[in-house]
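Tertiary structure, described
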Amino acid sequence: MGGKTCPSPVPHLSLDQCAASRRVVIMSRPRADSQGSLGPDDEVVPYSDDETDDELESLEDEGPPGVPNCVLAHWLFLFFPPESGWSVKANDRRFCKLPEFQKKYFLCLKKSKYSGNAIKTYKYNALTFLPLNLFEQFKRAANLYFLALLILQIIPQITTLPWYTTLVPLVLVLGITAIKDLVDDLARHRMDNEINNRKCEADILLLSSSNPNSLCYVETAELDGETNLKFKMGLKETDERLQEESQLAQFDAMIVCEEPNNRLDKFTGTMHWRRDRFPLNLDNMILRGCRVRNTDVCHGLVIFAGADTKIMRNGGKTRFKRTKIDELMNYMVYTIFVMLVLLCAGLAIGNSFWYAEIGSKAWYLYDGLNQSASYRGFLSFWGYIIVLNTMVPISLYVSVEVIRLGQSKFINWDLQMYYREKDTPAKARTTTLNEQLGQIEYIFSDKTGTLTQNIMAFKKCTIAGQTFGEKQHNTNTVDFSWNKYADRKFEYQDHSLVACIRSGKNKEALEFFKLLSLCHTVMVEQNENDELVYQAASPDEGALVTAARNFGFVFLSRTQDTITVSELDQKNTYEMLALLDFNSDRKRMSIILRFPDGRIRLYCKGADTVIYERLSPNSRYKEVTQTALDMIGATAIEDKLQDGVPETIAKLAKADIKIWVLTGDKKETAENIGFSCHLLDDDMQIHYGEDVKYVTFLFPLKTTGICPSVSPQNEILYEKKKKRRRLRLKRLGRRPASSVPQDATQPIDDWEKEMRQVDFVNMACECEAVICCRVTPKQKANVVSLVKKYKDAVTLSIGDGANDVNMIKTADIGVGISGQEGMQAVMSSDYAFAQFRYLERLLLVHGRWSYIRMCKFLRYFFFKNFAFTLVHFWYSFFSGFSAQIAYEDWFITLYNVMYTSLPVLLVGLLDQDVNDKLSQKFPKLYLPGQQGALFNYKNFFISLFHGIFTSLVIFFIPYGAFLQTMGQDGEAPSDYQSLAVVMASSLILTVNLQISLETSYWTFVNCFAVLCSIAIFFGIMFDIHSAGIHVIFPSTFTFTGVASNTLRQPYLWLTIILTVGISLLPVICIEFLSKTIWPSVGDKVQRHRKKYEMEEEEKKKPAPFQRGRASRRSAYAFSHSRGYADLIASGRSIRRRPNVAHPNPRDTLREVPQADNI
């Protein structure tokens, strides 16, 4: 290399790319201008809109008149004393209980504004469960309606049914719902106890540690999704004076800092101690959710605890989620109630006219009450409200809850969603959203840890134009047993590279791995087994250094000025003259070294886009670099996708589900992952956020829309920041300066801002896929909110870290992945599992089945209630509109509870039109759920007219049969009680056979339920019509001997059969015609089910790596994090502290180091 600069680009290369869709928008937040613009800064845009006053920019004016600039700071300090902020006094528990730190929470009661460390997500305790649960249940209109109905039935003047006909179903419904709520809340109690029993879950100011200079390594996976280690440092003053417990006990500092907020990227405060003031920042804080690594002992002071911690503040509010079917069902119940009132009013008017024309003139109908016709009509109205109350289905809600609970259990028990490696089953953490899984239109996904494993692997490299790492068939992985320092987890396929290095003949290969072992900021330690443990600022850099280690170039140690490396078992020490760390502007890092022989050399590695510009014109491999992305070598590092991610995305796309990736990574990194997981391909037309404003001239406005150069989520934060600034100025008695120029990129008013948001959503939704880059947790939630607001679409968010919690809570359905980043996302989710690929089965199988089952259940439920209730309506025309019931009392009480409940519940739990394999093989089967085609007002009115037709048949055919008949004994069984028995028998047979026709998936349980329901009806009917029970309860059971007398007449059995046949014949004909002439996709699949089950899908072969492709993607420098260069250069991590006695480690903040987590 002759002492020249030796750039070595180390980009990420996608190893498995294939086609996915057509057009894509990749959104990236543009930079703010550097001319003092008021626009939000791309680098410092906050994580949320929860800003404190001290986060606002400084005032442009100079303070009050006559106050010199030099004392402005003191004037502000006096105007806003420290006590007005957040103050913490060390070793003084009474300080937080002072009156100035009290706040009202109920009427005149006060409590400390400082939260305790315990969190609370449960709703009830032993004292509040019963009253609160009943209060919540009676907030449902149906339950409140039936309570009012029960009160009406107690009034003798208007009651037409015994009180127990309403009380029994109501108590049953309330009881089952209360038991379900109790079980759910007990689970929340257990989860809260588990979290609250953890040690030291708080935001802590680091005072000292057992490492040099109070250095402390932490893993922040639960905060930002990154598993690489970061370091925190205590102040020099606390490090030197607070090592012993006795010193800590005498620590009496006052901390004055910002109010609790959800800014994960910022902390400002001041420590007042020993008449000195010391500034504090985020580097001094260990936030809740961090995991302490490779540090024996830490000492700290709690600043924020419990709900005040940043991670809890960043979680957003818990939103009550309801499905679209829930909302539609409520509207339909209101519609039924309106219909009920209109029917009752009409029948009451009929009663008034009937009494005036007929009833008042019939002497045998005189009841001794001198009441007017209108008053009798008024009483009749309330009587019919009671008689027709079953039009509003009391058991509907509890039946829905039982079905949802069963569907949730099926998700929990699904072995195909069980991740054996981590013993993690799928978990439905809610029981109210299952059918919504079958209606998803948009999926918002995190990237790191959700689509990827967040594990970097060294896959390929090219050295001097020769590529190594191609997988060779019928060969084992490389054996690194010759290298005592080799990492046993490292796998490599190409044996030729090892042979090339060990031979020592390929100088370029030796130089390549020497660069990888020297040009980095990795820290190294030895574990208890004397194995090397690397601590890298990013997984990328760790993968490169580990690769060099396995190929014989082992990074052993470093000091402030030297780096020691074992090069093929020969130990060499290099003097480090300068180190330029990676940053987002340079996109590379460089190091200047003095070799043992005195030569000075600069090594550089970074993205190919910046390295190639700096190559020497005389470089031997410049032409090669244009195609192989390297001078002396380039590496291909793969952030491994989770298993099945490309296939899952492809299947979901075929189901017409739009997938958006929301990530905090750089644009290039996110784009590469998009190609790897088949969300993007090279045939797509990709538009970037900063260029979207020009897209308007390429496509029609109605399909693309206008997207501003500043993203809508930034505009929201920007507007709130301006409001807070105006509030601050108002508090100081000032007016905002009117001379500040208006930023042209910012919206002028709310209307323009809303139009920009609408255009952004419209344009993005026209694309096949959308990737939003460099977004904060709050902005992820804002994107989801925009789609929900302007598209009225059902959304699902999936993530695995605490930075995804807000997005998970905002979406209609939140899914948490229990992966590398802790359990914060899982705890805030509605559903949880271990791998992204399980999302396909959750939606296309469980979601689709749940939607179909719920829709079928609701359609049938409304039908059977209309068919049952409207018989009273037809009977009224022959009973003088007297509100007399058409059935026996106990039949009305038990109809929805025992006679018709079990078959429809089993359909709601077990029915399936096609099996799970076909559901996944044909994603188009998912479309009816997105369109809401199986349950809407059209289906509701079809069920209504079906019920009207069935009630007409069930009443008028038995009525006609009873008009002029004679029994076998010579008596005419034309009494009211016999008619009620025939109508009830016909109804039970009709509705149970109807659900049999609706059932697509027959099991023994379904067959047993139908037969058992019919048998229970006849058994109970014969019992309550027996003479024995009449003797015991003569006033309650009045149909003595009716069932046995009626059902022994053959022509009445013929009447029942005729009634059932006429009721079902139109349904059978319509079903036959619809499946034959107008079959749905599901009908076609079901018809050819056996054929499809025997077919095998062709396996898709991954596209081979092609040289010279037009799209050259490098992501190394964009995903790489800033390293430990400042720490290394300062020497603070190198110097060792003299051994001092430490307290019992179990009493301190500590976690046992684990090499597997590094």
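Residues numbered from 1 in each chain as written. Predicted model: local features only at pLDDT ≥ 70, side-chain atom pairs only at ≥ 80, totals over all residues. Heavy atoms only, no water.

The chain appears in an unreviewed UniProt entry as Phospholipid-transporting ATPase from Esox lucius. The Cofactor (unreviewed entry) field of the UniProt record for the chain holds the comment "Mg(2+)". The annotation that UniProt attaches to the chain under Subcellular location (unreviewed entry) is "Membrane". (UniProt positions renumbered as here; feature names shortened; annotations may be inferred.)

Notes on the packing of aromatic side chains
Counted according to the given criterion, the structure contains 57 aromatic pairs. With 5.5 Å between their ring centres and 90° between their planes, F862 and F940 make a pair best called edge-to-face. A residue pair is termed long-range when its members are at least 10 positions apart, and F862 in helix α25 (residues 838-876) and F940 in helix α30 (residues 937-963) qualify at 78 residues. Taken as a pair, F862 and F940 share a single burial class, namely buried. With centroids separated by 6.1 Å and ring planes inclined at 75°, the aromatic side chains of F878 and F956 adopt a geometry described as edge-to-face. Separated by 78 residues along the polypeptide, F878 in the loop between α25 and α26 (889-899) and F956 in helix α30 bring together distant segments of the chain. Geometry around F861 places K864 over its ring, the cationic atom sitting 4.3 Å from the centre. (Phe/Tyr/Trp six-rings, centres within 6.5 Å; stacked < 30°, edge-to-face > 60°. Helix = DSSP H or I, 4+ residues; strand = E, 2+ residues; numbered from the N terminus. Buried < 20%, exposed > 50% of the residue type's maximum accessible area, 1.4 Å probe, protein only. Lys NZ or Arg CZ within 6 Å of the ring centre and 35° of its normal.)

Some remarks on the pattern of salt bridges
One pass over the full model with this rule turns up 19 salt bridges. Of the charged contacts, one joins D414 and R841 as a salt bridge, the two residues approaching to 2.5 Å between their closest N and O atoms. Remark: R841 occurs in helix α25 and D414 occurs in the loop between α11 (396-412) and β15 (427-428); sequence separation between them is 427 residues. Here the two residues D414 and R841 agree in accessibility, since each one is buried. R594 is the partner of E575 in a salt bridge, and the nearest nitrogen-oxygen pair spans 3.2 Å. Highlighted residues: E575 in strand β23 (residues 570-580) and R594 in strand β24 (residues 588-594), separated in sequence by 19 residues. (Salt bridge = Lys/Arg side-chain N within 4 Å of Asp/Glu carboxyl O.)

Description of the sheet that holds strand β12 (residues 285-286)
As summarised here, the arrangement of the three strands in space is β12-β6-β14, forming an open sheet in which the pairing is antiparallel. Of all the strands in the sheet, just β12 and β14 (298-305) have a single pairing partner and so form its edges. Relative to β14, strand β6 (residues 202-209) is paired through seven bridges, and the arrangement is antiparallel. Bridge pairing links S209 to C298 in β14. (Pairing = 2+ DSSP bridges.)

A few points about the packing of helix α9 (residues 324-357) against α11
Following both chains from N to C, one finds α9 and α11 inclined at 165°, their axes separated by 12 Å at the closest point. It follows that α9 is roughly antiparallel to α11 by the angle criterion. In terms of crossing hand, the pair formed by α9 and α11 is right-handed. Contacts between α9 and α11 pair D326, M329, N330 and V333 from the former with L396, Y397, V400 and R404 from the latter. In the contact of α9 with α11, the residues fall into five nonpolar, one polar and two charged. (Axes fitted to C-alpha atoms, helices over the stretch in contact; angles between N-to-C directions. Parallel < 35°, antiparallel > 145°, perpendicular 65-115°, else oblique. Left-handed = near helix turned anticlockwise from the far one by under 90°. Contact = heavy atoms within 4.5 Å. Nonpolar A, V, L, I, M, F, W, Y, C, P; charged D, E, K, R; others polar.)

Quick word on a positive patch on the surface
A surface patch of positive charge is lined by R190, K409, K427 and R429. Tracing the chain through its elements places R429 in the loop between β15 and β16 (442-445). (Patch = residues over 30% accessible without salt bridge, like charges linked within 9 Å, V, L, I, M, F, W, Y side chains within 5 Å. Areas by Shrake-Rupley, 256 points an atom, 1.4 Å probe, with all protein chains shown as cover. Lys, Arg positive; Asp, Glu negative; His and termini not counted. Charge placed at Lys NZ, Arg CZ, Asp CG, Glu CD.)

Brief notes about helix α21 (residues 750-765)
Over its 16 residues, α21 extends 22 Å from the first C-alpha to the last, a length consistent with the 22 Å expected when each residue adds 1.5 Å. Three or more residues of α21 are buried, namely E752, K753, R756, Q757, V758, F760, V761, M763, A764 and C765. (Expected span 1.5 Å × (residues − 1).)

A look at the nonpolar core
Core analysis: the biggest nonpolar cluster contains 101 residues, and L396, F857, L858, Y887, F891 and L987 have the highest contact counts within it. Here this core takes 17 residues from α25, the largest share from any one element. Beyond its immediate stretch of four places on either side in the chain, F891 contacts F868, Y899, A984, L987, I988 and F1017. Formed by 59 residues, the second largest nonpolar core is a distinct cluster that contains M456, I501, V565 and A1125. (Core = buried A, V, L, I, M, F, W, Y, C linked by side-chain atoms within 4.5 Å.)

Some remarks on the packing of α11 against α25
α25 packs onto α11 with a crossing angle of 160° between their chain directions and a minimal axis gap of 11 Å. One finds that α11 runs roughly antiparallel with respect to α25. Considering only the axes of α11 and α25, their crossing is right-handed. Between α11, through L396, S399, V400, I403, R404, Q407, F410 and I411, and α25, the contact on the second element is made entirely by L842, H846, S850, R853, M854, F857, L858, F861 and F862. Residues that form the contact of α11 with α25 fall into these classes: eleven nonpolar, four polar and two charged.

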